[in-house]
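The residues making up each chain are set out below.
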Amino acid sequence: MMKMLGLFEKLGDNALYYVNQAGRMGIFLFYSVVSVFRPPYKIFPTVRQIYIIGTLSIFVILFTGAFTGMVLGLQGYHTLRKFGAQGLLGSAVALSLIRELGPVLAALMVTGRAGSAICAEIGIMRISEQIDALECMAIDPHRFIMAPKFMAGIISLPLLTAIFDVTGILGGYVVGVKLLGANEGAYFSSMYKDVEFEDIYMGFVKSLCFGLLIIWISASKGYYVHLERGGGFGAEGVSITTTNAVVLCSVAILLFDYFLTSVLL
Amino acid sequence: MNAQPVVRLIDVWKSFDSQPILKGVNLSLMEGKTTVIVGASGQGKTLIIKHILGLIRPDSGKVLFYGKEINSVSKKELMEIRMNFGVLFQNAALFDSMTVFDNVALPLRERTKKSGEEIKKTVHEKLVMMDLEGSDDKYPAQLSGGMRKRVGLARALVLEPRIIFFDEPTSGLDVAKSNEIYRVFFRTQQKLGYTAVIVSHDVPKILKLADYVALLHDGVIHGCLTPEEFQLSQEPLIREYVETTMGPLYSSETEEEL
């Protein structure tokens, strides 16, 4: 009986913790989004964050985009050849990239590169009382720290996704057309014929949502690092929370990808 | 003219994980005066400061700033109240990715409409006051502990607040550096006339700066007395604290001879 009660207590405790966490993350998102629209706008810090989140991610996006396109070209060519449909290679590569792989993979790359950095940076600011110091100086941390990051995330992710898509399409072209000998004209004309505005719109909406999601999860995890379970204060607390943030971001991206696809299709 | 209380804590209780830390704290901070809160480590001295700053909400009780309850005001009003506060954190809490100049200039840039030139002038004034000329472009990691505290103090003073909180301003510093901080503190308070709250272990030295001394023991404030009254108090807990911190190092003559 006592064991049973202990189990229920633990379950209740866990449920309360997660409901609390969800609640504070929701409030965090609300305050941050509101602060984005409150003047005076943080233009210079936003540009700086676009550089950190966006520009510094370009190399990894180019690299992964090219190889994703190349492997799509390789796999697509061999699969389509079985049906004698090599001419559709261009549209297969482009549609996979624009609708699905571009937004998802670009978001996962940005999570690994910039999301972890954001969580660690804000987490360290929290444990070294820098966030308390801001509040004591009557400076709103949401406006001062979060607003530029949210803006930068929402601006950078669609652009990075576009770069990812274009590099991927070129990667598919190099492998499919130049190495495996698919028809060059068919590669681009099938793409031109089959890719519609809805496909680009879907990719754009996804990347926009993922941008918001990455900054939201990484920043709020760092901001509330002192309330995290099994971590708490200290360098270890920040490192555990950063890992959790990256895992949560990645899972959330894949989960939201499914829901967004089902809504937008 | 009698000083009036700037901040009043009335029966403030606070627990963490069902362990009570503050058990009904009553304290008044008088305008223009220096109140020193002493007590053993882990008693919740910093917690009192965090309650006054509105960073932590009490489980029960009131924190009043000029009669206005800090915990029932809107976020905007709390921001306005905080404009009156300056804080020197225990670890200085400087923004480590900003230079000394940017750290001190930040409150001016964010909270005032001063021009770049005016900000530059004010920041330099404060840096000179803290003997920090020529350190503008350094980052906090390149500074010594004492310098970091002085930058923290410059930042706390830059908006010329009415009340300044010092959380263990000399912890981790040697005697010379501690004296330096005290001198700076004395000089700036003479000049700016702010109300000060100091949390410190540095007894008896800190008593020289105090107008009032409050002892926090077991979650309750015992007496908020002048330093003389504090040292002569017959209340057992204060007596014991004074004897422990200011009495002989050894507990008996035999121990001393060993």
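All values derive from a computational prediction rather than experimental measurement.

What follows covers the sheet that holds strand E4 (residues 60–65) of chain B. Residues and elements named next belong to chain B. Read from one edge to the other, the open sheet built from four strands follows the order E2-E1-E4-E5, with strand pairing classed as antiparallel. A single partner strand is all that each edge strand has here, and the edge strands are strand E2 (19–30) and strand E5 (68–69). Relative to E4, strand E1 (residues 5–16) runs antiparallel, the two being bridged by five bridges. Of the residues in E4, the one forming a bridge with Ile10 is Lys62.

Residue and element names in this part refer to chain B. Counting 93 residues, the largest nonpolar core has Leu9, Val25, Leu27, Ile48, Phe85, Ile163 and Phe165 as its most contacted members. In this structure, Leu9 is in contact with Val25, Asn26, Leu27, Ile48, Ile52, Lys62 and Val63, ignoring residues within four places of it in sequence. Grouped together as the second largest cluster of nonpolar side chains are 43 residues, Leu94, Phe101, Leu153 and Val242 included.

To continue, consider the interface of chain A and chain B. Taken together, the contact between chain A and chain B spans 19 residues of the former and 21 residues of the latter. Overall, the association of chain A and chain B removes approximately 1800 Å² of surface from exposure, summing both partners, and the carbon and sulfur fraction of that is 61%. When residues of chain A are sorted by the area they lose upon contact with chain B, Cys136(A), Met137(A) and Ala138(A) head the list and together hold 34% of the total. Connecting chain A to chain B are six salt bridges. Taken together, the links from chain A to chain B amount to four residue pairs in polar contact (both at pLDDT 80 or more). Residue assignment for the side of chain A that touches chain B shows that the elements contributing at least two residues are helix H4 (89–127), helix H5 (130–136) and helix H6 (141–179) of chain A. In terms of residue count, H5(A) provides more of the side of chain A that touches chain B than any other element does, six residues in total. Taken together, the residues of the side of chain A that touches chain B sort by class into 10 nonpolar, three polar and six charged.

Time to look at the packing of aromatic side chains. Taken as a whole and judged by the stated rule, the model has 20 aromatic pairs over all chains. With 5.1 Å between their ring centres and 70 degrees between their planes, Tyr17(A) and Tyr18(A) make a pair best called edge-to-face. Note on Phe166(B) and Phe185(B): the rings are 4.9 Å apart at their centroids and 85 degrees apart in plane angle, and the pair reads as edge-to-face. With Phe166(B) in strand E7 (residues 163–167) and Phe185(B) in helix H6 (residues 175–192), the pair connects residues that are 19 residues apart, well separated along the chain. Taken as a pair, Phe166(B) and Phe185(B) share a single burial class, namely buried. Through a chain of ring-to-ring contacts, the aromatic side chains of Phe28(A), Phe150(A), Tyr223(A) and Tyr224(A) assemble into a single cluster.

Here is what the cut-offs are and how they apply
Residues numbered from 1 in each chain as written. Chains lettered and ligands numbered in written order. Predicted model: local features only at pLDDT ≥ 70, side-chain atom pairs only at ≥ 80, totals over all residues. Heavy atoms only, no water. Pairing = 2+ DSSP bridges. Helix = DSSP H or I, 4+ residues; strand = E, 2+ residues; numbered from the N terminus. Core = buried A, V, L, I, M, F, W, Y, C linked by side-chain atoms within 4.5 Å. Buried < 20%, exposed > 50% of the residue type's maximum accessible area, 1.4 Å probe, protein only. Contact = heavy atoms within 4.5 Å. Buried area = accessible area lost by both parts, 1.4 Å probe. Salt bridge = Lys/Arg side-chain N within 4 Å of Asp/Glu carboxyl O. Polar contact = N/O pair within 3.5 Å; in protein donor to acceptor, adjacent residues only side chain to side chain. Nonpolar A, V, L, I, M, F, W, Y, C, P; charged D, E, K, R; others polar. Phe/Tyr/Trp six-rings, centres within 6.5 Å; stacked < 30°, edge-to-face > 60°.

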